[in-house]
Amino acid sequence: MTAFESWVGRTECADDTVAAMPVAALAATLDVDAPRDAMPPLWHWIFFTPKARASEIDPDGHPRRGGFLPPVPLPRRMWAGGRLSWHEPLRVGDAVTRTSRIERISERQGRSGTLVFVTVRHEIAGPRGLALTEEHDIVYRDAPREGDAAPPAQAAPTDERFSREIVPDPVLLFRYSALTFNGHRIHYDRSYVTEVEGYPGLVVHGPLIATLLMQLARSERPGLVARRFEFKAVHPVFDIHRFHVCGRDEGPGRFALWARDHQGRLAMQATLDFSE
């Protein structure tokens, strides 16, 4: 970890425009109407996409390590979760700036080996000032070893008050990868994900699951204004099985949200604070 200490505090800035085309394309991907004014919460993930050249891509499809993010020498890297707060809406046509800073890097020993967590703080500002702040947790981990026992699964709650079944077909995963310019091969390359990374099927994107949870909440309470959202990826879900996004009231202005896989395992848990 000493080798990565110099990365803490690193910053980078990026500019983008909330263009109508990708917003309409994400709406089509999620099978909803395109917004006419304010962009729905979590849709900002289709902007500020990575721009690594083809010669700068690692074998897993991610940009080569060692630029803004530290070169953690562990083969698997995934979106572990995050915490977001909204201050002003982003609207189609807005010119926006994102300032990113590496907040912390930590190492843990898990059941499957070494885990390294990198937390990046983003601040996105538009013409009306600061629009949202986000802490993005990235986890790097060892590849599974032959004979390793699978970690015990956590059962998902079954007391939801509202839910939706999701069919994570390859088209959905491909379209979301394309919109976010995410080259990670676990989401679209079946031979790679099964033969190299050892998963049983294409992995559903963590931010896509989070977006589906937010969409469920907004369908349940159409007038809500998201204030804070916290989520954590617990167990992967794959395109070979359907899963459910679920929720319940946790008191005024708060929803508990989660994703449950086909075997009843908890895939993601989240809380949403909102006003109406």
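The present account deals with the structure reproduced in this document.

Calculation rules
- Think of each chain on its own: its residues are numbered from 1, step by step along the sequence as written.
- Since the coordinates come from a predicted model, pLDDT governs what is reported: local features require at least 70, and pairs of side-chain atoms require 80 or more to be given and counted, while whole-chain, interface and lining totals use all residues.
- Only heavy atoms go into the side-chain values, all of them from the structure, while hydrogens and water stay out.
- Working definition of a nonpolar core: buried Ala, Val, Leu, Ile, Met, Phe, Trp, Tyr and Cys residues. They are joined through side-chain atoms within 4.5 Å.
- Each residue's exposure class comes from its accessible area (1.4 Å probe, protein chains only) as a fraction of the maximum for that residue type: buried when under 20%, exposed when over 50%, partly exposed otherwise.
- A run of H or I in DSSP counts as a helix once it spans at least four residues, and a run of E counts as a strand once it spans at least two, with each numbered from the N terminus.
- Between two residues, a contact is recorded if the distance between any of their heavy atoms is within 4.5 Å.
- One speaks of a salt bridge when a side-chain nitrogen belonging to Lys or Arg is within 4 Å of a carboxyl oxygen belonging to Asp or Glu.
- What qualifies as a polar contact is a pair of N or O atoms within 3.5 Å, subject to a donor-acceptor requirement within protein and to the restriction that residues adjacent in sequence count only when both atoms come from side chains.
- Every definition here rests on a 1 Å grid over the protein atoms only: cavities are sets of points where a 1.4 Å probe fits but cannot get out, pockets are open sets enclosed by protein on both sides within 12 Å along at least five of seven lines, and lining residues have some atom within 4 Å of a point.
- Grid points are joined across faces, edges and corners, and a volume is the space filled by probe spheres set on the points.
- Each residue gets one of three labels, nonpolar for Ala, Val, Leu, Ile, Met, Phe, Trp, Tyr, Cys and Pro, charged for Asp, Glu, Lys and Arg, and polar for the others, Gly among them.
- We treat two strands as partners when DSSP finds at least two bridges between them.

Time to look at the nonpolar core. The biggest cluster of nonpolar side chains holds 56 residues, and the ones touching the most others in it are F229, F243, L257 and L272. If you tally residues by element for this core, the top one is helix α4 (residues 206–220), at eight residues. Excluding anything up to four places from it in sequence, L272 contacts M214, A217, L224, A226, R228, F229, G253, R254, F255 and L257. Counting residues in each nonpolar core, the second largest holds 12 residues, with F68, V72, I105 and V118 among its members.

Moving on, we get to the pattern of salt bridges. Here the structure, examined in full by the defined rule, presents 21 salt bridges. Taking the shortest distance from any N to any O, the salt bridge between R260 and E160 comes out at 2.9 Å. Of the two residues, R260 is situated in strand β9 (residues 254–260) and E160 in the loop between β5 (129–141) and β6 (162–166); the sequence distance between them amounts to 100 residues. What makes R260 buried here is its relative accessible area of 13%. Across the salt bridge formed by R185 and D189, the nearest N and O atoms sit 2.9 Å from each other. One network of salt bridges, with partners in common, ties together R83, R104, E135 and D137.

Moving on, we come to the side chain of R77. Residue placement: R77 occurs in strand β2 (residues 76–86). A polar atom in the side chain of R77 sits 3.2 Å from the side chain of D60. A distance of 3.3 Å separates the side chain of R77 from the backbone oxygen of P63, its partner in a polar contact. The residues touching R77, leaving out its near neighbours within four places in the chain, are D58, D60, H62, P63, R65, V139, Y140 and H184.

We now examine the layout of surface pockets. Its boundaries defined by the atoms lining it, the second largest pocket holds a volume of some 370 Å³. In terms of residue count, strand β7 (residues 225–233) provides more of the lining of the second largest pocket than any other element does, three residues in total. Looking at the lining of the second largest pocket, its residues break down into 14 nonpolar, three polar and four charged.

Counting buried positions over the seven residues of β9 gives six, a clear majority of the element. As paired elements, strand β8 (residues 243–249) and β9 share six bridges and run antiparallel to each other. When the sheet's bridge partners are listed, D249 is paired in β9 with F255. Counting the residues between successive antiparallel strands, the hairpin from β8 to β9 contains four residues, one of them, G251, with a positive phi of roughly 110°. For β9 and strand β10 (residues 266–275), the ladder comprises seven bridges, and the chain directions are antiparallel. Paired with W258 across the strands is Q269, a residue of β10. Two successive antiparallel strands, β9 and β10, enclose a turn made up of five residues, where G264 displays a positive phi of approximately 80°.

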